[in-house]
Amino acid sequence: MSSNWFRRRWFDFRLGHSVYLIFLLSFSNFILIFHRLLIERVEFLNDIFSELWMFIVLFVVIYFPISIAVGAWHRKTQIKIENEQALLNNPFMARNFRMMIDIIEGKASKDEVQKFREFLTKIEKKSDSEF
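Position numbers for residues start from 1 in each chain and track the written sequence from start to end. Side-chain atom pairs in this predicted model are given and counted only at pLDDT of 80 or more, local residue features only at pLDDT of at least 70, and totals for whole chains, interfaces and linings cover all residues. Processing note: side-chain calculations cover all non-hydrogen atoms of the structure and skip hydrogens and water entirely.

Peer 1: Looking at this model, I keep getting lost on the packing of aromatic side chains. Mind explaining?
Peer 2: The description of an aromatic ring pair uses the distance of the two centres, along with the angle that the planes make with each other. The criterion for an aromatic pair is that two Phe, Tyr or Trp rings (for Trp, the six-membered ring) have centres within 6.5 Å, with stacked assigned to planes under 30 degrees apart, edge-to-face to planes over 60 apart and tilted to the rest. Under the definition given, this model contains 14 aromatic pairs. When the centroid spacing of 5.7 Å and the interplanar angle of 50 degrees are considered together, the rings of Phe30 and Phe59 count as tilted. Of this pair, Phe30 sits in helix H1 (residues 3–39) while Phe59 sits in helix H3 (residues 52–88), and the two are 29 residues apart along the sequence. A 1.4 Å probe rolled over the protein chains alone gives each residue an accessible area, and that area as a share of the maximum for its type sets the label: buried under 20%, exposed over 50%, partly exposed in between. Note on Phe59: relative accessible area 12%, which makes it buried. Taken together, the ring pairs in this structure connect Phe23, Phe27, Phe30, Phe34, Phe49, Phe55, Phe59, Tyr63 and Phe64 into an aromatic cluster. In this structure, Arg95 is placed above the aromatic ring of Phe119, and the distance from its NZ or CZ to the ring centre is 5.9 Å. Helix and strand definitions here come from DSSP, where helices need a minimum of 4 consecutive H or I residues and strands a minimum of 2 consecutive E residues; each element is numbered from the N-terminal end. Look at NZ for Lys and CZ for Arg. If either is within 6 Å of the ring centre and within 35 degrees of the ring normal, a charge sits over the ring.

The following block contains the structure:
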């Protein structure tokens, strides 16, 4: 096993934890705290949502469409800016684009072109089992 295997597993762990598991835990935690600190303390709300499951159902029915609308807005507007900023701060991508321009303009040597081609071929050939 290469040392990259452990790094990949660490990356997989962080991704699974932060994108999926902690999302579910924080979402559940948010609902429970919201219910405890608002619904149970405001008498008329507590009368309406005397059972936690009723509050959860209404919360999800309202929250999901709002989340979808915000997510769609983000995808259509904000994500362009985030991707641009990520590109501006990524020397790897800058190097690749510069190399492509050099190839197009004929400024890259045959050796540079070959190394770049081998590098890209290596990335393309990676299988899922390597990750």
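Peer 1: It is not clear to me how the packing of helix H4 (residues 91–105) against helix H5 (residues 110–125) should be interpreted in this structure. Could you clarify?
Peer 2: The description of two packed helices rests on the angle between their axes and on the distance between the axes. Orientation is described by axes fitted as lines to C-alpha atoms, over the contacting stretch for helices, and by angles from 0 to 180 degrees between their N-to-C directions. Where H4 contacts H5, the axes come no closer than 11 Å and their chain directions differ by 130 degrees. Between H4 and H5, the crossing angle belongs to the class labelled oblique. For the element pair H4 and H5, the recorded crossing hand is left-handed. In this structure, H4 contributes Phe92, Asn96, Met99, Met100 and Ile103 to the contact, and H5 contributes Glu112, Val113, Phe116 and Phe119. Note on terminology: angles under 35 degrees are roughly parallel, angles over 145 are roughly antiparallel, angles of 65 to 115 are roughly perpendicular, and the others are oblique. For any helix crossing, the convention is left-handed if the near helix is rotated counterclockwise from the far helix by under a right angle, and right-handed if that rotation is clockwise. Contacts are residue-level and defined by heavy atoms, with any inter-residue pair within 4.5 Å sufficient.

Peer 1: Would you take a moment to explain the pattern of salt bridges for this structure?
Peer 2: Two side chains with opposite charge may pair up if their charged atoms get near one another. A side-chain nitrogen of Lys or Arg and a carboxyl oxygen of Asp or Glu constitute a salt bridge if their distance falls within 4 Å. Applying the stated criterion across every chain yields a total of five salt bridges. With a closest N to O distance of 3.3 Å, Glu40 and Arg36 form a salt bridge. With a shortest N-O distance of 3.5 Å, Lys115 and Asp111 are connected by a salt bridge. Placement of both Lys115 and Asp111 in helix H5 is noted, with a separation of four residues, approximately one turn of the helix. By relative accessible area, which is 54% here, Lys115 ends up exposed.

Peer 1: Would you mind showing me how to read the side chain of Asn96 here?
Peer 2: Tracing the chain through its elements places Asn96 in helix H4. Aside from chain neighbours lying at most four places away, what touches Asn96 is Phe116 and Phe119.

Peer 1: Would you explain H1 in this entry?
Peer 2: Each turn of an α-helix holds 3.6 residues, which means side chains three or four residues apart point in the same direction. With 37 residues, H1 extends 51 Å from end C-alpha to end C-alpha; this agrees with the ideal 54 Å at 1.5 Å per step. Two axes define the bend at a residue: one fitted to the seven residues ending there, one fitted to the seven starting there, and the bend is the angle between them. Within H1, the axis deviates most sharply at His17, by approximately 40 degrees. Of the residues making up H1, those classed as buried are Phe27, Ile31, His35 and Ile39. As for H1, its buried residues are in contact with helix H2 (43–48) and H3. Each helix should span, by expectation, one fewer than its residue count multiplied by 1.5 Å.

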